[in-house]
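# Chains, contacts and geometry: an overview
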Amino acid sequence: MERLSMQGISKAFGGIAALRGATFSARAGEVHALMGENGAGKSTLMKILSGAYHHDGGDIRIDGTPVGIHTPQDAISRGVSVIYQEFSLARHLTVAENILLDRLGRQRLIDHRALEMRAAELLAEMGFPEIDPRGTVGDLPVAFQQVVEICKALSRECSILVLDEPTAVLTTYEAEKLFALVGRLRARGVCIIYISHRLDEVFALCDRVTVLKDGATVGTWPVAELDHERLTNLMIGRELSDFFPSREAQIGPIILELNQLMLAPGAPALDLAVRRGEVLGIGGLVGAGRTEVLRAIFGADPIADGKILLRGQPFRPHNPGDAVRAGIGLVPEDRKQQGVLLDLPILTNALMTPVNPHLWRLGLLRDRRERKAVRNLSQSLRLKAASLDVEAGTLSGGNQQKVALMKWLVSGCEVLLLDEPTRGVDVGAKVEIYRVINELAAQGTAVVMVSSEMLELIGMCDRVLVMHAGAIAGELAGASLTEENIIELAMGREHVH
Ligand SMILES: Nc1ncnc2c1ncn2[C@@H]1O[C@H](COP(=O)(O)OP(=O)(O)OP(=O)(O)O)[C@@H](O)[C@H]1O
Ligand SMILES: [Mg+2]
């Protein structure tokens, strides 16, 4: 019998249907993938299961019994635990408090030591003993925040576990640890619902897959009966011929150079150069210092020592405004905190870079030409939104990522820093983002791209620098640019073939 059965679920937001009679069921002891394009309704369906949203119609059964899920508490008491795509952590609390506090209820005296020990156990079980239970969550790298989010869900006994893009910010190596854990939970009979845009994971991990399209269920298949092409076709309704489109860029002179740059006193000195028209990749494990390098170039973090040269001139940004005025753009890894203003319309987000805040204030945003540019871009990126005037916060996760990219594409910049640019983006839209990156490179933009997806680094970059423990461990290009070599360098091993 099915552990979970959702029948004819519908849900509209302000008259716009997100789910139209969707059907979904999953068994105990299976890993069931829920797939579909950005905006297909996956997260919404799972938020209905978790009691975060009310459904307008349809019914939910657990072990054959109809259940009314009206609040998150209802869902928890039925054994449903959800790891959300957009984290639900309290950024100012510690790791241990986030993992365990909600279950302490109104207990007045909290035994912090016991809490920390239990949290440390859970983190170790997950394979991340390096995360300090006493650290503040807001200070952790995004990937570690994700690990905390996962531990929080696992600290509860659950019979249905939903993972909404748990690996979007993890590298392959870290994701493996999560998969081992998912395997153990499956063996214990937990029903696991797995949402991901990484097709390889779905084939490696999942037993069955259900595809949603435009809020309705396309169907359910055993994973063994599908391959990449067929699954892609079911999701986006077409085949993808060349996943990594080819680029005709002329690589020009060096535009940006780091010269013995130190991010903190005593930190490894970094040397790097990127040329006009070049796409330079940065690989490495989470915590290797990739994001920090981009932030230092962008003036978001201070620099301890060393030099940055921009167009051959010394350049020392004191804040992001300096960087933007000098022609540098950054799409950050954490779109919710830094990338997108969720309560402002898409159009405003797309047009408001620190370069043109005055335009925004003067209300000149409605300029027809700009509106048209944004509209064209949103079409080419296949942005799913009712209009350009809806708040960015109402978009699905992958569509928010597209908005984060759009603002630099509209305003233009000479050096574009991208931190996990295709995080949470569906396969169809990924190819469109790759095309846009290629176009920018062809126009002479220098692109520096941090990515945790090795295939993306290999498929898109002219060269890849691999970081380990804050230092650049090596450079790979041409025939040496392989998954194996990226892993070797990322793990801090010397020998590269
Ligand atoms: N709170 C909300 N207010 C208005 N519209 C919403 C809200 N939440 C979701 N939607 C809309 O519902 C639709 C489905 O969104 P949902 O987040 O379920 O997509 P998804 O399949 O999870 O996509 P992704 O792969 O990008 O995460 C989208 O069109 C989205 O804009
Ligand atoms: Mg989603």
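This structure is a prediction, so every number in the text was calculated from the model and none was measured.

The subject of this paragraph is the sheet that holds strand β14 (residues 305–310). Strand pairing in a sheet relies on backbone hydrogen bonds. The paired strands run either parallel or antiparallel. Pairing within the open sheet is antiparallel, and its four strands lie in the order β12-β11-β14-β15. Only two strands of the sheet have a single partner each, and these edge strands are β12 (270–275) and β15 (313–314). Strand direction decides the pairing type here: strand β11 (residues 254–262) and β12, joined by five bridges, are antiparallel. Its bridge partner lying in β12, Leu 256 is registered against Val 274.

We now examine the domain arrangement of the chain. As assigned here, the chain comprises domain 1 (2–236) and domain 2 (254–490). The distance between the C-alpha centroids of domain 1 and domain 2 comes to 28 Å. If you look at the interface, domain 1 gives 25 residues, while domain 2 gives 25 residues. Secondary structure elements with two or more residues in the side of domain 1 that touches domain 2: α5 (142–154), α6 (172–187) and α8 (228–236). Counted by class, the side of domain 1 that touches domain 2 contains 13 nonpolar, eight polar and four charged residues.

Structurally, the position occupied by His 32 is in strand β3 (residues 31–35). With 170 residues separating them in the primary sequence, His 32 and Val 202 have C-alpha atoms 8.9 Å apart. Every residue in contact with His 32, bar those within four places of it in the chain, is listed here: Ala 26, Ile 192, Ile 193, Tyr 194, Cys 206, Asp 207, Arg 208 and Thr 210.

In this section: α5. Taking 1.5 Å of rise per residue, the 13 residues of α5 would be expected to cover 18 Å, and the 19 Å separating its terminal C-alpha atoms lies within 8% of that figure. Within α5, eleven of the 13 residues are buried, which leaves it mostly tucked inside the rest of the structure. Taken as a whole, α5 has its buried residues at Val 142, Ala 143, Phe 144, Gln 145, Gln 146, Val 147, Val 148, Glu 149, Ile 150, Cys 151 and Lys 152. Those residues of α5 that are buried are in contact with β6 (80–83), α3 (95–100), α4 (112–126) and α6.

Attention now moves to unusual backbone geometry. A positive phi angle, near 50°, is found at Arg 311, a position not held by glycine. Its identity is not glycine, yet Glu 420 carries a phi of approximately 55°, on the positive side. Here Glu 420 lies in the loop between β17 (415–419) and α16 (427–442). The exposure class assigned to Glu 420 is buried, which follows from the 25 C-beta atoms found within 10 Å.

What follows is about the site of ligand 1. Among the 20 residues in the neighbourhood of ligand 1, the closest are listed as Ala 18, Ser 43, Thr 44, Ser 396 and Gly 398. The set of elements that each furnish at least two residues to the shell around ligand 1 consists of α1 (42–49) and α15 (397–411). Each residue belonging to the shell around ligand 1 can be placed in one class, and the counts come to four nonpolar, 13 polar and three charged. Residues lining the shell around ligand 1 come from more than one domain, with at least three contributed by each of domain 1 (2–236) and domain 2 (254–490).

What follows is about the sheet that holds strand β7 (residues 160–164). Strand order in this open sheet of six strands is β6-β7-β8-β3-β9-β10, and the pairing throughout is mixed. The open sheet is flanked by β6 and β10 (216–222), the only strands paired with a single partner. Neighbouring strand axes in the sheet, compared pairwise and without regard to direction, differ in orientation by 20° on average. In this sheet, β10 lies alongside strand β9 (residues 208–213) in antiparallel orientation, the contact comprising six bridges. Bridge pairing in β10 links Leu 212 to Thr 217. Running over the sheet, α6 touches β3, β7 and β8 (191–195) and is turned about 145° from β8. Seen against the sheet, α8 touches β3, β9 and β10 and runs at an angle of roughly 30° to β9.

Rules used in this analysis
- Residues numbered from 1 in each chain as written.
- Chains lettered and ligands numbered in written order.
- Predicted model: local features only at pLDDT ≥ 70, side-chain atom pairs only at ≥ 80, totals over all residues.
- Pairing = 2+ DSSP bridges.
- Helix = DSSP H or I, 4+ residues; strand = E, 2+ residues; numbered from the N terminus.
- Domains from an automatic or database assignment.
- Contact = placed C-beta atoms within 7 Å.
- Nonpolar A, V, L, I, M, F, W, Y, C, P; charged D, E, K, R; others polar.
- Expected span 1.5 Å × (residues − 1).
- Buried ≥ 20, exposed ≤ 12 C-beta atoms within 10 Å, placed from the backbone.
- Near = placed C-beta within 6 Å.
- Axes fitted to C-alpha atoms, helices over the stretch in contact; angles between N-to-C directions.

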